[in-house]
Structure formats: structure tokens, C-alpha cells
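# Remarks on the overall topology
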Amino acid sequence: MILVTGATGNIGSALLKGLHACGAGPLRGLTRDAARASFPEGVEAKEGDFADMASLEPALDGVRSLFLVSRMGPDADILDAARRADVEHVVLVSSITAQTHPHLGPARENMAVEQLVKDNGMAWTILRPTQFASNAMWWATSIRERRTVRVPYADTGLPTIHPADIAAVAQAALTEPGHQGRTYALTGPERVTARQQVEAIATALGREVPFAEIGRAEAHRQMSTFLGAEAADAVLDVTGGDVNDELLTVRDTVSRVTGSPARPFHQWVSENVAAFRRGVRS
């Protein structure tokens, strides 16, 4: 039994589809609302919430392998519950900032969860992805309403990764030998600036999308309202304010692990362009 937490999210949903398609199983997806979950046929939808640890115990019953995204709940409690349920292997999604910006608060938190996984007694695989292509959804409302997309560090290019590629590496780690005890840094196939990302969305929409670069102070004010000041600083550092060669490096990990090339940003756009059109809510 493989349990995928965050099963309706960008990574979890792609992972369940991939596991189902390759015949892995049995499969179970954890969701807050099983009645609304749309999983592949044969995947068991299990209702549970990280805020209610008692709800996780039935979800972990009989599970051999666990897919977990870092910092979505009380990680120490989740991992302890998994160990008590005799889970053998945990695949953890952390962040590349654990190695590129270990001094930042969110990176330190991810590193602490990684250490919890290593110390818990179960086999482990750690995934450290860079910036998600799906972060472009932050601009969806502005683009739908034909307002100007305003971003800092417009011409800093990061090797943005398609969430489905994170899922593909997780699938390999869950179903193939040789991945236990490994830490994988994951990126997309090329660096893509925010300006280029918006241009790709505009091309897919077939119209211009107004775009403007803003300063760090303005971006920090905007982001602090929903992320908090420390997290806003961290995001701004890793998206342009404190970039380094380690963060900018394009890696071939996805192709080495999965046998398929990493998906380019424009592919993510083509798959999600409807979210940027009027009348659609992301």
C-alpha cells in the first residue's frame, strides 16, 4: 500500500495518476473531503486532516510507503504515527533552498524535517525541488482581469520545475530500487525569468499581458500580507535578491531518475492556460 498525502495538490494528483498508470498499488490518497476527491479508478480515497492526528491513523493502516510534503502539518507527529504503523519508506518533498540558502528560516525548517525523517528509523528519499512552474498561478487573477502583472527581479531566471516532474521522481522512488537513502535536487530543463513566464502565458492566451517590474520594498509589502514578513523575505531572496550559482544550476536529475527529459515551462502553461482566461477561477 502506498499512501499519497496532499493527493489533490499539484504534485500529489500527478503522482497518483502516474502510480495508477504504471500498475503500482494498492494506492490510497489522503484528502480532507473524500466525497469531492477525483482519483483514478481503484484508488482509495481516505479522509484525513493533519490538524487532526487521530484521523491519520486509519489512513496509515497497512501502508508500506508514504509520500509526504514537508511542513504541511506537525511533521514530527506524522512521522511518529507512520513509524508506529510500520511504514517502511518515506518520500519527502523538501526544498532546494535547504542546500542553496540554509540560513533562511523556511530552509532551516525544511532541513529540520529532513533530519526528522532520517532519524525516525524508516527508509527515506528526499526530494529538493526548485521554484514550481505552478507558482505562476499567483498571477492568474491579475491576468484574468487584464491588470498589470507586477513582479520584482523580472529578469532573474530560475530553472523552474513542472510539478509533474517532481511527481515522476517520487513515483520512481516509491516503485523502483536504488532510491532509498538518496537526496535529489530537482530542476526544470532551463532557466526562465518572470518576464519570460508572463510572455509564455501571453502567447498561449493570444493577447498581450501588461507587465511591470517593481522594487523589493513594494513586493515585500504585498507578499507580507499573506505570507508574513519573514517568509516574504525568504521568497524574495531566492527569486532574485540573494541568488547564487547553486540555485541557478540546471540539473539533469529528472531525466537521470525517470528516463524522460524535464518538462519546459511552456508545457505547464499549455496545460493550465484556461486558469488565466476570464470566467475561470483557479
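As a reminder, the structure under discussion sits directly above these lines.
The rules behind the values
Residues numbered from 1 in each chain as written. Predicted model: local features only at pLDDT ≥ 70, side-chain atom pairs only at ≥ 80, totals over all residues. Heavy atoms only, no water. 1 Å grid on protein atoms, 1.4 Å probe; cavity = no way out; pocket = protein on both sides within 12 Å on 5 of 7 lines; lining within 4 Å. Points joined across faces, edges and corners; volume = space filled by probe spheres on them. Nonpolar A, V, L, I, M, F, W, Y, C, P; charged D, E, K, R; others polar. Helix = DSSP H or I, 4+ residues; strand = E, 2+ residues; numbered from the N terminus. Buried < 20%, exposed > 50% of the residue type's maximum accessible area, 1.4 Å probe, protein only. Contact = heavy atoms within 4.5 Å. Pairing = 2+ DSSP bridges. Axes fitted to C-alpha atoms, helices over the stretch in contact; angles between N-to-C directions. Arc of directions from axis to C-beta. Right-handed = clockwise from strand over helix to strand, strands pointing away. Core = buried A, V, L, I, M, F, W, Y, C linked by side-chain atoms within 4.5 Å.

Our focus in this paragraph is empty space enclosed by the protein. Inspection of every chain in the model, using the stated rule, returns one cavity of 30 Å³ or more. In this structure, the largest cavity encloses a volume near 40 Å³. Lining the largest cavity, in full, are L3, T5, F50, L56, L60, L66 and I78. Class assignment of the residues belonging to the lining of the largest cavity gives a composition of six nonpolar, one polar and no charged.

Turning our attention to the side chain of S134. Within the fold, S134 resides in the loop between β6 (123-129) and α6 (140-144). Judged by relative accessible area, which is 7%, S134 ranks as buried. Once residues lying within four places of it in the same chain are set aside, the contact partners of S134 are N10, P163 and W268.

Take the sheet that holds strand β1 (residues 2-4) next. Spatially, β3-β2-β1-β4-β5-β6-β8 is the arrangement adopted by the seven strands of the open sheet, whose pairing is parallel. Unpaired on one side and paired on the other, β3 (44-47) and β8 (182-186) mark the two borders of the sheet. The mean angle between the axes of side-by-side strands here comes to 20°, regardless of whether they run parallel or antiparallel. Sheet topology places β6 next to β8; five bridges connect them, and they run parallel. Counted as the bridge partner of R128 is A185 from β8. Seen against the sheet, helix α3 (residues 75-84) touches β4 (65-69) and β5 (89-93) and runs at an angle of roughly 175° to β4. In this fold helix α5 (residues 105-119) packs onto β5 and β6, with an angle of close to 160° to the strand it touches most, β6.

The next point concerns the environment of A167. Note that A167 resides in helix α7 (residues 163-175). The exposure class assigned to A167 is buried, which follows from its relative accessible area of 2%. For A167, the residues in contact, after removing those within four places along its chain, are I11, A14 and L15.

Of all the residues in α3, the buried ones are D75, I78, L79, A81 and A82. In a view along the axis of α3, the buried residues occupy a sector of 160°, so they form one face of it. Tucked inside the fold, the buried residues of α3 contact α2 (56-60), β4, β5 and α5. Once α3 finishes, D86 follows within two positions and takes phi at roughly 70°, a positive value.

In terms of residue burial, strand β2 (residues 27-31) counts as a mostly covered element, since five of its five residues are buried. Judged by which residues are buried, β2 turns out to be covered on both faces: L27, G29 and T31 on one side and R28 and L30 on the other are all buried. Between the parallel pair β1 and β2, the chain is carried across by helix α1 (residues 10-21), and the sense of this crossover is right-handed. Here four bridges tie β2 to β3, and the two strands are oriented parallel to one another. Bridge assignment links T31 to a residue of β3, and that residue is E47.

Turning next to unusual backbone geometry. In this structure, R71 takes a positive phi of about 65° despite not being glycine. Checked against the element boundaries, R71 lands in the loop between β4 and α3. On the basis of relative accessible area, R71 is assigned to the partly exposed category, the value being 37%. Of note, R146 is a non-glycine position whose phi angle comes to about 60°, a positive value.

A separate point is the nonpolar core. Core analysis: the largest hydrophobic core is formed by 28 residues, its most contacted members being V4, L15, L19, F67, L127 and L186. The set of elements that each furnish at least two residues to this core consists of β1, α1, β5, α7, β8 and α12 (253-258). Element by element, the count of residues in this core is highest for α7, at seven residues. Each residue touching L19, except ones within four places of it in the same chain, is listed here: I2, V4, A24, L27, Q171, L174 and T175.

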